[in-house]
Amino acid sequence: KKELLQHVASRFSISVEPSLPIRFVHIDNEVSEVPLSMVAQSFASMKVSYQALNKATPDIFFDTTGCAFTFLVARLLAGCKVAAYVHYPTISTDMLALVWERRPTYNNDSKISSSMIRSYLKMVYYVFFAIAYGVVGSLATLVMVNSTWTNNHIRYLWRFAKKTDIVYPPCDTQSLEDLPLNGREEVIISIGQFRPEKDHALQLRAFSILLRNNTSKRFVDVRMKLIGSCRGESDRMRVHQLQELAKELNLTDRVEFVLNQPYPVLKKWFGRASIGIHTMWNEHFGIGVVEMLASGLVTIAHDSGGPKSDIITPGENGYLASTAEDYARNMATALEGGVDSHKNMDIRQKARESAKRFSDQVFSDEFEKVFLSSGLLR
């Protein structure tokens, strides 16, 4: 327990009092390195929850992983009241649309999207899974979601759930408010795990377009730092592929990969960089985007998901983009007048102020209000 809490403090800068009555339930369970289908993952989550609930059966089963099929075990077998804080739906209408439109992406292989028959079969599979997901999700008495985007999808899928409440996740904005807004370097940073959906390749291509289209002295010293962690061998291979892409784009001397570093290193770059870039399509919320705003970065996020619906107001506290050309154009706008230009300082001040909506204290107050009014403690 002590080591876990120390790891949380080191990795995420979150202090948890050791005196709190927290019990960790250890489960002997093999972790598959092979990607599982949604159905296989759902059955695996039910198995794990069954093992855990056999060792410790709570009054309230509170899920924050999005594994709604565990509700079957918790409510019907263990007799628990069920609450959920949904960060990302296991399946969404956007995923259904990708398959229907036969668009290849990280979760819709080109071997499937190129075949009409395979696409139809996958569509049938997704529809039946979505129906089952909606039924089990509706077993929750209390449903909280982390953004407007997530709320729209959960309300559509979990149609029998009585109510959903939007509670924005906690972001440590206060510790970032001490970082200076001026005196920034000509550095663009990206933060996030090196997962396929984060689309780091789009960042490199956008940076390449930026440098190709802007050859004046103003852009000579611009650098990019890709800061993130690797979960395992597949992520390390992905980083290697990105490094190769940087070579192909002649960016080797302009791009640095900062891997598996503790939070203080990330915070240092929050205070030194001038621009933050985030390229994930349909990010469920975007804590990293909020951290960029709070630290005073001119932030460019994807024009979708949580950043679009809840966080960024284009031209006010940041920018939104979809294509490499869009990102390059917005980066150029943020750099061409100088990193500490009047326009950039205005955006940074508004960004920092807007980030306060997502502070730890706001989350605590809203979470407490929603939880106490739910009737779960009766």
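Not measured: the values here are computed from a predicted model. (Residues numbered from 1 in each chain as written. Predicted model: local features only at pLDDT ≥ 70, side-chain atom pairs only at ≥ 80, totals over all residues. Heavy atoms only, no water.)

A.B. asks: How should I be thinking about the overall build of the protein in this particular structure?
C.D. replies: When its secondary structure is counted, the protein shows 15 helices and 10 strands. Against the globule reference of 21 Å for 378 residues, the protein gives a C-alpha radius of gyration of 22 Å, in line with a compact fold. Its C-alpha atoms give the protein principal-axis dimensions of roughly 65 × 55 × 35 Å. Looking at the protein as a whole, 48% of its 378 residues qualify as buried. Pairs at least 24 residues apart make up 67% of the contacts formed inside the protein by residues separated by at least 6 positions. Surface accessibility of the protein: about 19,400 Å² in total, with carbon and sulfur atoms responsible for 54%. Side chains of the protein carry 44 positive and 40 negative charges; the gap between the two charge centres is 3 Å. (Helix = DSSP H or I, 4+ residues; strand = E, 2+ residues; numbered from the N terminus. Rg over C-alpha atoms; globule rule 2.2 N^0.38 Å. Buried < 20%, exposed > 50% of the residue type's maximum accessible area, 1.4 Å probe, protein only. Contact = heavy atoms within 4.5 Å. Areas by Shrake-Rupley, 256 points an atom, 1.4 Å probe, with all protein chains shown as cover. Lys, Arg positive; Asp, Glu negative; His and termini not counted. Charge placed at Lys NZ, Arg CZ, Asp CG, Glu CD.)

A.B. asks: Please clarify how the packing of aromatic side chains should be interpreted in this entry.
C.D. replies: Within a pair of aromatic rings, the relevant descriptors are the distance that separates the centres and the angle that separates the planes. Scanning the model with the defined rule gives 15 aromatic pairs in all. Measuring from ring centre to ring centre gives 5.9 Å for tyrosine 125 and tyrosine 126, while their planes differ by 45 degrees; the resulting arrangement is tilted. A relative accessible area of 6% places tyrosine 126 in the buried class. Here a set of aromatic residues connected by ring pairs shows up, and it is made of Phe62, Tyr85, Phe363, Phe367 and Phe371. Its end group placed over the ring of tyrosine 156, arginine 159 keeps NZ or CZ at 4.3 Å from the ring centre. Taking NZ or CZ as reference, arginine 272 lies 4.2 Å from the ring centre of tryptophan 269, over its face. (Phe/Tyr/Trp six-rings, centres within 6.5 Å; stacked < 30°, edge-to-face > 60°. Lys NZ or Arg CZ within 6 Å of the ring centre and 35° of its normal.)

A.B. asks: Explain helix 7 (residues 148–157) here, please?
C.D. replies: Residues that lie three or four places apart on an α-helix share one face, since the helix turns once every 3.6 residues. By the burial criterion, the buried members of helix 7 are Trp149, Thr150, Asn151, His153, Ile154 and Leu157. Packing partners of the buried residues in helix 7 comprise strand 2 (81–86), helix 4 (93–100), helix 6 (116–137), strand 3 (142–145), strand 4 (164–166) and helix 12 (305–311). At the N-terminal boundary of helix 7, the capping side chain belongs to serine 147, with an oxygen 3.4 Å from the backbone nitrogen of tryptophan 149. (Polar contact = N/O pair within 3.5 Å; in protein donor to acceptor, adjacent residues only side chain to side chain.)

A.B. asks: Which parts of the structure should I look at to understand the packing of helix 11 (residues 287–295) against helix 14 (residues 342–355)?
C.D. replies: If you want to describe how two helices pack, look at the angle between their axes and the distance between the axes. Two elements in contact, helix 11 and helix 14, have axes separated by 6 Å at closest approach and are oriented at 125 degrees. Looking at the two axes, helix 11 sits oblique to helix 14. The two elements helix 11 and helix 14 cross, and the hand of that crossing is left-handed. Together, Val290, Leu293, Ala294 and Ser295 of helix 11 and Ala351, Arg352, Ser354 and Ala355 of helix 14 make up the contact between the two elements. (Axes fitted to C-alpha atoms, helices over the stretch in contact; angles between N-to-C directions. Parallel < 35°, antiparallel > 145°, perpendicular 65-115°, else oblique. Left-handed = near helix turned anticlockwise from the far one by under 90°.)

A.B. asks: I'm lost on the side chain of glutamine 203 in this one. Help?
C.D. replies: With respect to the helices, strands and loops of the structure, glutamine 203 is situated in helix 8 (residues 200–213). At 2.9 Å, the side chain of glutamine 203 forms a polar contact with the side chain of threonine 279. What glutamine 203 contacts, discounting residues up to four positions off in sequence, is Ser190, Lys198, Met224, Leu226, Ile277 and Thr279.

A.B. asks: Mind showing me how you'd approach the packing of helix 2 (residues 38–55) against helix 3 (residues 70–77) here?
C.D. replies: Where helix 2 contacts helix 3, the two axes come as close as 7 Å, and the packing angle between them is 35 degrees. Of the residues in helix 3, those touching helix 2 at Ser45, Met46, Ser49, Tyr50 and Leu53 are Thr70, Leu72, Val73, Ala74 and Leu77. Across the contact of helix 2 with helix 3, the residue classes tally to seven nonpolar, three polar and no charged. (Nonpolar A, V, L, I, M, F, W, Y, C, P; charged D, E, K, R; others polar.)

A.B. asks: Looking at this model, I keep getting lost on the nonpolar core. Mind explaining?
C.D. replies: Side chains of nonpolar character tend, in soluble globular proteins, to be buried together. Within the largest apolar cluster, 37 residues are counted, with the highest numbers of intra-cluster contacts made by Ile188, Leu204, Phe207 and Leu210. For this core, the secondary structure elements donating two or more residues are helix 8, strand 6 (223–228), helix 9 (233–248), strand 7 (255–259), strand 8 (275–277), strand 9 (298–302), strand 10 (319–321) and helix 13 (324–336). No other element matches helix 8, which puts eight residues into this core. With residues up to four places along the chain from it excluded, the contact list for leucine 204 reads Met224, Leu226, Leu242, Leu245, Ala246, Leu249, Leu251 and Val255. In this structure, Leu53, Ala74, Cys80 and Val145 belong to the second largest nonpolar core, which totals 31 residues. (Core = buried A, V, L, I, M, F, W, Y, C linked by side-chain atoms within 4.5 Å.)

A.B. asks: It is not clear to me how the pairing of strand 7 should be interpreted in this structure. Could you clarify?
C.D. replies: One face of the sheet, then the other: side chains in a regular strand alternate in exactly this way. Pairing between strand 6 and strand 7: five bridges, direction parallel. In the strand pairing of strand 7, methionine 224 is matched with valine 255. In this fold, the crossover linking strand 6 to strand 7 by way of helix 9 has right-handed handedness. (Pairing = 2+ DSSP bridges. Right-handed = clockwise from strand over helix to strand, strands pointing away.)

A.B. asks: Which parts of the structure should I look at to understand the environment of asparagine 214?
C.D. replies: Looking at where asparagine 214 falls in the secondary structure, it is placed in the loop between helix 8 and strand 6. Sequence separation of asparagine 214 and serine 42 is 172 residues, and the distance between their C-alpha atoms is 49 Å. Once residues lying within four places of it in the same chain are set aside, the contact partners of asparagine 214 are Phe219 and Ala332. Within polar-contact distance, the side chain of asparagine 214 engages the backbone oxygen of leucine 210 at 2.8 Å.

A.B. asks: Would you take a moment to explain the environment of glycine 271 for this structure?
C.D. replies: In this fold, glycine 271 is placed in helix 10 (residues 263–272). In this structure the C-alpha to C-alpha distance between glycine 271 and glycine 183, which are 88 residues apart in sequence, comes to 9.3 Å. With residues near it in sequence (within four places) discarded, glycine 271 still touches Leu179 and Arg184.

A.B. asks: Help me out: how do you make sense of the sheet that holds strand 7 in this one?
C.D. replies: Sheets are built from strands paired through backbone hydrogen bonds, the pairs being either parallel or antiparallel. Taken in spatial order, the six strands line up as 7-6-5-8-9-10 in an open sheet, and their pairing is parallel. Looking along the sheet, the strands with just one partner apiece sit at the ends: strand 7 and strand 10. In this sheet, neighbouring strand axes are inclined to one another by 25 degrees on average, regardless of whether the strands run parallel or antiparallel. Sheet analysis places strand 5 (residues 187–191) next to strand 6, joined by five bridges and oriented parallel. If you follow serine 190 over to strand 6, its bridge partner there is leucine 226.

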